[in-house]
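# Structural features, examined
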Amino acid sequence: MSQSMIGFVVGLVVLSVLVFALARRYRVEHPGEGMIQWMDSHHMRWMHRKH
């Protein structure tokens, strides 16, 4: 494996571990709340920007 490929794989592993940790923390803090309810209660203005 080349050095850049190893760096890419390590970056993907770090990113996936970070996402997993954040998802686990969310599940602990909001045990009965699903993703749909969370998205309804947290308005995402960045998705509704006017271009």
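Refer to the structure above for everything that follows.
Residues numbered from 1 in each chain as written. Predicted model: local features only at pLDDT ≥ 70, side-chain atom pairs only at ≥ 80, totals over all residues. Heavy atoms only, no water.

### Section: the overall build of the chain
Each helix and strand counted, the chain has 2 helices and 0 strands in total. By the burial criterion, 4% of the 51 residues in the chain qualify as buried. Accessible area of the chain: about 5200 Å², with a carbon and sulfur share of 67%. (Helix = DSSP H or I, 4+ residues; strand = E, 2+ residues; numbered from the N terminus. Buried < 20%, exposed > 50% of the residue type's maximum accessible area, 1.4 Å probe, protein only. Areas by Shrake-Rupley, 256 points an atom, 1.4 Å probe, with all protein chains shown as cover.)

### With respect to a nonpolar patch on the surface
Among the surface-exposed residues, M1, M5, I6, F8, V9, V10, L12, V13, V14 and V17 lie close enough to one another that they form a single nonpolar patch of about 950 Å² accessible area. Assignment of secondary structure puts L12 in helix α1 (residues 3-29). On the basis of relative accessible area, L12 is assigned to the partly exposed category, the value being 44%. (Patch = residues over 30% accessible without salt bridge, like charges linked within 9 Å, V, L, I, M, F, W, Y side chains within 5 Å. Salt bridge = Lys/Arg side-chain N within 4 Å of Asp/Glu carboxyl O.)

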